[in-house]
Amino acid sequence: MTSPAIRPARPADAAGIRRVARESWHAAYDDIIGAETVDDTIDRWYDPDRLRESARRPSHEFFVAERDRLVGFVHVAPDAEEEESIFELVRIYVVSDEWGSGLGTRLLARAERRLEDRNADRLRLTVLADNEVGVGFYESRGFERTEERDDAALGVTEFVYEKEL
C-alpha cells in the first residue's frame, strides 16, 4: 500500500475532514465520553463552514493526508491569547486503520516545519487525559505536559502540552 500524500487543505476538503474526525473520535473517545457525546461534539467542532474558513486562513497551517480519500489531517493556528510566536495544535487525527503507520508523525512534522519557517517558538495542545494513544503520541514526539485541568463541557480531565520548536 502506498503512503498517503500530504498536501495543504482546501475548502473542498471539509466533508472529508469531518468524516476522518468522526471516525477517529469514535475510535479514541467512545469509551471515555460516550458515542452520543462524540457525535454531538463533532457536529459542533467540525462545522463544514468553519472548516472551509480555516482552510482559507493564511495565518493557519492546515494539511490533509490523502490516498484514494482523506485519511488524516493536522491544523495549527496562532494562539489567540499569546504572542505571534506561539501556535496551537488545533487538531490532528488519522483514521484508526492508519494508527501506528507513522502518518500522524508525518502530519505533525509537516506542520512543525511550516511553523519553524514562520519563526514560531512553541507549539501548544490539549488532549484528554484518558486518551492514552494521544498522550503517548505527544510525549514520544517531545511534548512536555505543562498543565492539567478539568473540561466541564465534556466532564473529563485534560492535559496541556507544549513543545519548543
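Model, not experiment: these values are computed from the prediction.

Caption draft 1: Main features of the sheet that holds strand 3 (residues 70-78). Spatially, seven strands are ordered 1-2-3-4-5-7-6 in an open sheet, and the strand pairing comes out mixed. Edge positions in the sheet fall to strand 1 (5-8) and strand 6 (144-151), since each of these pairs with one other strand and no more. On average, adjacent strands in this sheet sit at an angle of 25 degrees to one another, irrespective of strand direction. As paired strands, strand 3 and strand 4 (residues 86-94) are joined by seven bridges and run antiparallel to one another. The partner of Phe 73 across the bridge, within strand 4, is Tyr 93. Here helix 5 (residues 132-140) sits on the sheet in contact with strand 4, strand 5 (122-128), strand 6 and strand 7 (156-164), set at roughly 160 degrees to strand 5.

Caption draft 2: Spatial organisation of the pattern of salt bridges. A full pass over the atoms with the stated rule returns 19 salt bridges. Measuring nitrogen to oxygen at the nearest pair gives 2.7 Å for the salt bridge that ties Asp 43 to Arg 18. Within this pair, whereas Asp 43 is found in helix 2 (residues 35-45), its partner Arg 18 is found in helix 1 (residues 14-33), the two being separated by 25 residues in sequence. Look at Asp 43 and you get partly exposed, because its relative accessible area is 38%. As a salt-bridge pair, Arg 114 and Asp 117 come within 3.6 Å of each other at their nearest N and O atoms.

What counts and how
- Residues numbered from 1 in each chain as written.
- Predicted model: local features only at pLDDT ≥ 70, side-chain atom pairs only at ≥ 80, totals over all residues.
- Heavy atoms only, no water.
- Pairing = 2+ DSSP bridges.
- Helix = DSSP H or I, 4+ residues; strand = E, 2+ residues; numbered from the N terminus.
- Axes fitted to C-alpha atoms, helices over the stretch in contact; angles between N-to-C directions.
- Contact = heavy atoms within 4.5 Å.
- Salt bridge = Lys/Arg side-chain N within 4 Å of Asp/Glu carboxyl O.
- Buried < 20%, exposed > 50% of the residue type's maximum accessible area, 1.4 Å probe, protein only.

Any functional reading would require information beyond the geometric quantities listed.
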